[in-house]
Amino acid sequence: MNSRVLNIEASWNNVLESEPDQLYFKDLASFVKSEYLHRTVYPASQEIFRAFDLCPFDEVKVVILGQDPYHGAGQANGLAFAVHTGIPLPPSLKNIFKEIESDVGILPLQDGDLSRWARQGVLLLNATLTVQAGSPGSHQKKGWEQFTDKAIRELSDKREGIVFMLWGNYAREKGKIIDRNKHCVLEAPHPSPFSAHTGFLGCKHFSLTNIYLKKQDKSEIDWS
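Residues numbered from 1 in each chain as written. Predicted model: local features only at pLDDT ≥ 70, side-chain atom pairs only at ≥ 80, totals over all residues. Heavy atoms only, no water.

Regarding the pattern of salt bridges
Opposite charge on two side chains allows them to pair when their charged atoms are near.
Now for step 1: Enumeration over the complete set of coordinates arrives at eight salt bridges.
Now for step 2: For Glu154, the salt bridge is made with Lys158, and the minimal N-O distance between the two is 2.7 Å. Here Glu154 pairs with Lys158, and both are found in helix α6 (residues 144–158), just four residues apart, close to one helical turn.
Now for step 3: Salt-bridge contacts for Glu187 lead to Arg172; the nearest nitrogen and oxygen are separated by 3.6 Å. Taken as a pair, Glu187 in strand β6 (residues 184–188) and Arg172 in helix α7 (residues 169–174) lie far apart in primary sequence, 15 residues in all.
Now for step 4: Given a relative accessible area of 36%, Glu187 falls into the partly exposed group.
Now for step 5: Judged by its relative accessible area of 28%, Arg172 falls in the partly exposed class.
Now for step 6: Put simply, Lys150, Glu154 and Lys158 are held in one network by salt bridges that share partners. (Salt bridge = Lys/Arg side-chain N within 4 Å of Asp/Glu carboxyl O. Helix = DSSP H or I, 4+ residues; strand = E, 2+ residues; numbered from the N terminus. Buried < 20%, exposed > 50% of the residue type's maximum accessible area, 1.4 Å probe, protein only.)

Examining unusual backbone geometry
Now for step 1: Omega for the bond connecting Tyr42 with Pro43 falls within 30 degrees of zero, at -5°, which places this linkage in the cis form.
Now for step 2: Positive phi outside glycine occurs at Phe81, with the angle close to 70°.
Now for step 3: Note on placement: Phe81 falls in the loop between β2 (62–66) and α4 (91–104).
Now for step 4: A positive phi angle, near 65°, is found at Leu114, a position not held by glycine.
Now for step 5: Here Leu114 lies in the loop between α4 and α5 (115–118).
Now for step 6: The class for Leu114 is buried, based on a relative accessible area of 1%.

Details of the state of the cysteines
Now for step 1: Per the stated rule, a full pass over the model turns up zero disulfides.
Now for step 2: In this structure Cys55 is a free cysteine whose sulfur lies 16 Å from that of Cys184, the closest cysteine sulfur available.
Now for step 3: With a relative accessible area of 0%, Cys55 lands in the buried category.
Now for step 4: With no disulfide of its own, Cys184 lies 12 Å from the sulfur of Cys203, the closest cysteine sulfur. (Disulfide = S-S within 2.5 Å.)

In structure tokens, the structure reads:
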């Protein structure tokens, strides 16, 4: 990751281009570069900004906030809650699919890649974009949170009518910067097996999202 050039989709570069000049980002870039050189880090370096690359700034209709990439081999692919095709579905993603089936009455493809959602305008954004293998949270508080806060703030300030899904206390806290007069904010417990039964299952966020989008004459998301 180059501290002087943000290798990211063009429309996102337009709103985030000043970040590489910030001291925090220079420190972050140095840390991440060293980590990839000396440790096993996920996702693959070319997939760090995949959430942005698949979902241009002006096409974002929905934001789903995650925390860290998965830290197991072959899992993380740059999209929050997603895994590479062919990788067994993690428990949280199983519960997401379970809620979709219950909520909108369709059985999602049992493919955890989720790029099919991203290309429809769903920004699957983790707060921290990299992680050391086998060490959850290892790249937290290194600068990624400031970078992703900037992305969320730009969406909140410069766009209108986006649905933000905030699952769990971490996402709710990060979502405090969202202008709720301009956007639809949906909150629920995290889909993890530890908390899904306390309110995530049954939250109906997927149907509520499509109802909101339809009222704005925007195309609905195909959650299959």
